Amino acid sequence: MSQPTIESILQENRLFPPPSDFAENAMIGSMEKYKEIYDKAKADPEGFWAELAESELDWFEKWDRVLDWQPPHAKWFVNGKINISYNCLDRHLTTWRKNKAALIWEGEPGDSRTLTYAQLHREVCQMANVFKQLGVKKGDIVGIYMPMIPEAAIAMLACARIGAPHSVIFGGFSAEALRTRLVDAEAKLVVTADGGFRKDKTIPLKAAVDEALQDNHAPSVENVLVVQRTQEKVQMEPGRDHWWHDLQAGASADCPAEPMDSEDMLFILYTSGTTGKPKGVVHTTGGYNLYTHVTSKWTFDLKDTDVYWCTADVGWITGHSYIVYGPLSNGATSLMYEGVPRPANPGCLWDVVEKYGVTIFYTAPTAIRAFIKLGEHLPKARDLSSLRLLGTVGEPINPEAWMWYHKVIGGERCPIIDTWWQTETGGFMLTPLPGATPTKPGSATLPFPGIITEVVDLEGKPVKANSGGYLVVKHPWPSMMRTVYGDDDRFRRTYWEHISPQGDQHFYFAGDGARQDSDGYFWVMGRVDDVMNVSGHRLGTMEVESALVSHPAVAEAAVVGRPDEVKGEDVYAFITLEGEYDASEALENDLKQHVVKEIGAIARPAAIQFTDSLPKTRSGKIMRRLLRNLAAGQEVAGDTSTLEDRSVLDKLRSGA
Ligand code: PRX
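Residues numbered from 1 in each chain as written. Predicted model: local features only at pLDDT ≥ 70, side-chain atom pairs only at ≥ 80, totals over all residues. Heavy atoms only, no water.

Asks: I'd like a rundown of the sheet that holds strand S7 (residues 166-168), residues and numbers included.
Replies: Strand order across the open sheet formed by eight strands is S12-S11-S8-S6-S7-S14-S15-S23, with mixed pairing between neighbours. In this open sheet, the two strands that pair with only one neighbour each are strand S12 (241-243) and strand S23 (483-484). Bridge count for strand S15 (residues 279-284) against S23 is two bridges, and the pairing is antiparallel. By the bridge assignment for S23, Val282 is matched with Thr483. (Pairing = 2+ DSSP bridges. Helix = DSSP H or I, 4+ residues; strand = E, 2+ residues; numbered from the N terminus.)

Asks: Go over the environment of Leu378 with me, naming the residues and quoting the values.
Replies: Considering the arrangement of structural elements, one finds Leu378 in helix H15 (residues 377-380). You can call Leu378 buried: its relative accessible area is 9%. For the pair formed by Leu378 and Asn345, sequence separation is 33 residues and the distance between their alpha carbons is 9.8 Å. With residues up to four places along the chain from it excluded, the contact list for Leu378 reads Pro346, Gly347 and Trp350. (Buried < 20%, exposed > 50% of the residue type's maximum accessible area, 1.4 Å probe, protein only. Contact = heavy atoms within 4.5 Å.)

Asks: An account of unusual backbone geometry is needed here, citing residue identities and associated values.
Replies: A cis amide bond links Pro71 with the next residue in sequence, Pro72, at an omega value of 0 degrees. Notably, Asn79 is not glycine yet its phi reads approximately 70 degrees, a positive angle. For Asn79, the location among the structural elements is in the loop between strand S2 (73-78) and strand S3 (81-82).

Asks: Run through helix H11 (residues 286-299), naming residues and quoting values.
Replies: Quick reminder: α-helices carry 3.6 residues per turn. Residues three or four places apart thus point the same way. The end-to-end C-alpha distance of H11, which contains 14 residues, comes to 20 Å, matching closely the 20 Å that a straight helix rising 1.5 Å per residue would cover. Burial runs high along H11: 13 of the 14 residues are buried. In the stretch just after H11, Asp301 is the one whose phi turns positive, near 50 degrees. (Expected span 1.5 Å × (residues − 1).)

Asks: Which residues make up the layout of surface pockets, and what values go with them?
Replies: The computed volume of the second largest pocket comes to approximately 440 Å³. Along the wall of the second largest pocket there are 15 residues; nearest its centre are Asp530, Lys621, Ile622, Met623 and Arg624. Elements represented by at least two residues in the lining of the second largest pocket include exactly helix H18 (541-549), strand S28 (554-564) and helix H20 (624-631). Residue contributions to the lining of the second largest pocket peak at three residues, all from H20. Tallied by class, the residues present in the lining of the second largest pocket amount to five nonpolar, two polar and eight charged. (1 Å grid on protein atoms, 1.4 Å probe; cavity = no way out; pocket = protein on both sides within 12 Å on 5 of 7 lines; lining within 4 Å. Points joined across faces, edges and corners; volume = space filled by probe spheres on them. Nonpolar A, V, L, I, M, F, W, Y, C, P; charged D, E, K, R; others polar.)

Asks: How would you explain the pattern of salt bridges if you had to name every residue and give the values?
Replies: Considering all chains together, one arrives at 47 salt bridges under this definition. Linking Asp529 and Arg527 is a salt bridge whose minimum nitrogen-to-oxygen distance equals 2.6 Å. Using a relative accessible area of 24% as the deciding quantity, one classes Arg527 as partly exposed. In this structure, Asp650 engages Arg653 in a salt bridge whose closest nitrogen and oxygen atoms are separated by 3.0 Å. Taken together, the positions of Asp650 and Arg653, both in helix H21 (residues 647-653) and three residues apart, correspond to about one turn of that helix. (Salt bridge = Lys/Arg side-chain N within 4 Å of Asp/Glu carboxyl O.)

Asks: A description of the nonpolar core should follow, citing residues and the corresponding values.
Replies: By size, the foremost hydrophobic cluster in this structure holds 170 residues, and its most contacted members are Leu120, Phe131, Val191, Leu225, Phe300, Tyr325 and Ile575. Counting residues per element, this core draws most heavily on helix H7 (residues 150-162), at ten residues. If we skip the residues at most four places from it in the chain, Ile575 touches Leu548, Val554, Glu556, Ala557, Leu591, Ile608, Gln609, Phe610 and Thr611. Within the second largest apolar cluster, 32 residues are counted, among which are Trp350, Tyr356, Val358 and Ala367. (Core = buried A, V, L, I, M, F, W, Y, C linked by side-chain atoms within 4.5 Å.)

Such coordinate-based values are descriptive only and should not be taken to indicate function.
Below is the structure:
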């Protein structure tokens, strides 16, 4: 199976209208309705968002102004006072949803737990009080380094409740990656667990926190709160480390939500860019609450009877927006799963669908391709008839995988929403609305109401239908990132200066290439910068290169993404060694392990090629484009006239 190519996509002309029974019961049940809403939002974006903010969310104080736009800085619902934890919890307690399941959790060794809205509210309030007791104040940043357990969501909501921005760090990141993120954010408290279950192993999270903090290497951290999950023995440093259950036992469940300014920071989430240093994407409160709420409601067509399951990890934006905040703000039932398929239980995801009668299932193309490999007998042996809607996110989906998802998982009756968005956008930007938009396999279709996207050239001029260009967003939207934490200049440079502004029109540049077909549908082709997409995880080539060159044997490293059937891309590294080192298998393994230590297992190079020299331009820039071709085993395409030494290519081709 292959990744989508421009040719295959241009030939893709299958069209799947929403099934009529789905459309009849949907919130937005026709293209006419979508167009009506879209046009209304386009004509008066501020009026559109204000009306929704008024009707969908609870505010402590109303805003004075909907939008203050000083490109590239936006403020939404200026001077409005709101708390997202209140909108996700308290307001449901006065309705019948009080005893509705908010979170259903299925844990790895067969554990499970359901928290109703009332129970979740209680635990969030207790933790918020614990955080306060540990000295966390409004504005202090809390690092969350957790497995996929309800306490991760509880910790996030507890932070939001007292106005302490969280910085969730994916539990698969290494101690070193954790440390750099804690230092950058000057986190005061770290919430973690003794460990997490992953396949047949346990991941020692607390030990990684200890390593990150040792020798005062993250001096801002005053306390560590530890959830007991695996029961494995961990070191507890007196005065610094505390057990979650101990402090919870003595904590009051009374903790009113702090009225936050709409523009107060809700969280930082680090993501990879084109430099070695991940950037802290900053999201604020009111606009993010509104946008994740409305996109969850309309795109998932959420009903009170739904059991909604997003398979992402809470350590990524998908987990933030579409496991925790969006669904809970709507009073939905959100399922969290700690497991992954492994040889002993390859059909475990379908068991979960059957066990809980999941109605909406949202996952990534890389997972779908892995399901295909595992075989369709696994889903076929389970009852998946509860499913009514399927979703995908994280990378372009190849039409073959889309069709398999449609037939084998969706039984040809479930619409598929292919949602294109990013850590930076906070919520869905391009997506079908399942009762309205006819879908095409491989296309994220059309923008969500209120979003204006276009495919342009570097001058900001729209390109013709079916030609490639840069995907941009032309009007601010409520959940757009506000800045890069501590580096506003990087925010400007990365997102707002690539495409020349046209008069007072500023373009948000997403980093993706795309084309629009003659029906106006968008086809996202993937990153056009030095960012890789490995199993739907975003990784900077420079980030992996920096990790490699920090090894004493490495003189120079160039990293590229190589197409992979299941992962989309894997990490391929070209390395030149320092004089006193020789290439060997042992060194190759050592370097792979070094990357795991510096970043985490997701960045482990699949292949390392040792070489005497790397292809460079006369000005000394590594020509990654050529290396991408070489890694993929393709002919070197395009212009090579700027290459300084042409013999380098032949040597690399012959593996030297
Ligand atoms: O390249 C696009 C790809 O994922 C990038 C964003 O990665 P991240 O911030 O980690 O967020 C992932 C989850 C929202 C984008 O720049 N991407 C995401 N969704 C799609 C996609 N590419 C094509 N189609 C999608 N549906």
